Amino acid sequence: MWGDIAIAFLLAFIVAFMATPYTIKIAKKVGAVSKEEDARRMHNREMPKLGGPAVILGFLVSIIYLIIIMSIEGTLNLFGEELYGKKLLGMFLGIIIISITCVIDDIKPIRPIVKLAGQLVAAIVVVSFGVRIDEITIPFLTTPEMNEWFSIILTIGWIVGITNAINLIDGLDGLSSGISVISAISLLIIFVLNESPMVAILLITALAGALVGFIPFNFAPAKTFIGDSGSNFLGFSLSIISILGIAKTYTAVVIVLPLIVLGLPIFDTLWAIVRRIVKTKSIKGVFKADNGHLHHRLVRRGFSQKQAVLILYGISAAFGMFAIILFDSGIWKALSFLLMVFVAVALGYKNFERENENDNKMYECVECKYIYNPKYGNEKAGIKPGTPFSKLPDDWVCPVCGEGKDMFETHE
């Protein structure tokens, strides 16, 4: 088993790592670049955003290779009682639909309702091939058999919901890809402990490997974005793999683990829905991009882009560790772990606020190496001498290359 897991990870990693530079060149040729006016992004320059196909290619090459080899060896049965071959075919067809829809959107933006329609079609295809949340059994309680139509609607809702959750949190360099890696590794550990089907273990491992191969090009300062094709693929795949990994598991704790592992993007998405409806006083407002996500709020509080991303990585990892400890050691140890995390975060944030009050440090633009010195300020932009970096306006940009505050780091 471990040899197959290693192959799944390494092959996906190598393919994604080698393919990403080519997607950068292709993105520039076909016009798949992030525009300056993109409300979701915190960059002030154009950036290739076609990294998704590299991740998808790494994932598919790894999985298809292992399916062929393990089927020949007889170590993987795709046509047994659970019909994993049929379910995988549905997943692959769904990936094709999602990829085509979102690659078009990366090149020439389409209406949100059209993209949602593509997500729904992809989810319906997957469900029609047998991927279902079809039973939830709680220990010591008699639960009624789930109605078929309720099962179908619940599964489609889960797939579309998680797809959009990962897509919406994709607003900083390396954010959605990093959180997806953390979620994938957390699910992998849970699947192994749970003795989940080998198919689910290989799928989640290949997804993690492809992302690790892509992140070096996506972490700040990014050379490319993963794009809608990539972020939609990540959410779509995580939602389906989580279903396959807990299928036929009759412990209530295991059923809720994917919800906990993906807690950060789920919370951010639910809050975004409420915030947009309240702000616009219309259901249509849900489709209107804004800058009220968690990562935007962290940057506005004075954190750099890298700091904001690492903080959200930490929160995502805490959710993943909580889920693993909950499954392996029980609720009390999991809650005590979470309490320790809260205390550490509170103390760290208090220290950050104290440092910000006396912030006279110099900051350096990671893109062009311009150094902002509070002693001199930036008089051309109306910034008086003696203005700390943390007190600069949110719309202040580097006077040399035009990057925003989030692209500055402490100058040593």
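The following refers to the structure shown. Fair warning: this is a prediction, and the values are worked out from it, not measured in the lab.

Tallied over the entire structure, the rule returns five aromatic pairs. Centroid distance F59 to F233: 5.4 Å. Interplanar angle 65°. Geometry classified as edge-to-face. Residue F59 is located in helix α2 (residues 52–73), and its partner F233 is located in helix α8 (residues 227–246); the two are separated by 174 residues in the primary sequence. F233 sits in the buried class, given a relative accessible area of 0%. Ring geometry for Y372 versus W396: centroids 5.6 Å apart, planes at 70°, classification edge-to-face. Of this pair, Y372 sits in strand β4 (residues 371–372) while W396 sits in the loop between β4 and β5 (408–410); the two residues are 24 residues apart in sequence, bridging distant segments of the chain. For the pair formed by Y372 and W396, the shared burial category is buried. Three or more aromatic residues joined by ring pairs make a cluster, and in this case those are F13, F17 and F217.

Attention shifts here to the environment of Y370. The residue Y370 is located in the loop between β3 (363–365) and β4 in this model. Taking the C-alpha atoms as reference, Y370 lies 7.4 Å from C398; in sequence the two are 28 residues apart. Contacts of Y370, omitting those with residues within four sequence positions, involve Y363, E364, C365, G377, W396, C398, P399, V400 and F408.

All right, on to unusual backbone geometry then. One non-glycine residue, E195, lies in positive phi territory at about 55°. For E195, a relative accessible area of 73% gives the class exposed. Even without glycine at this site, K369 takes up a positive phi of about 75°.

Our focus in this paragraph is the nonpolar core. Counting residues in hydrophobic clusters, the biggest one holds 73 residues, and the most contacted among them are F59, L203, I204 and L207. No other element matches helix α7 (residues 198–218), which puts 14 residues into this core. Dropping the residues within four chain positions of it, F59 is found in contact with A12, M91, I95, L203, A206, L207, A210 and F233. In this structure, I169, I182, L298 and A308 belong to the second largest nonpolar core, which totals 13 residues.

Basis of the calculations
- Residues numbered from 1 in each chain as written.
- Predicted model: local features only at pLDDT ≥ 70, side-chain atom pairs only at ≥ 80, totals over all residues.
- Heavy atoms only, no water.
- Phe/Tyr/Trp six-rings, centres within 6.5 Å; stacked < 30°, edge-to-face > 60°.
- Helix = DSSP H or I, 4+ residues; strand = E, 2+ residues; numbered from the N terminus.
- Buried < 20%, exposed > 50% of the residue type's maximum accessible area, 1.4 Å probe, protein only.
- Contact = heavy atoms within 4.5 Å.
- Core = buried A, V, L, I, M, F, W, Y, C linked by side-chain atoms within 4.5 Å.

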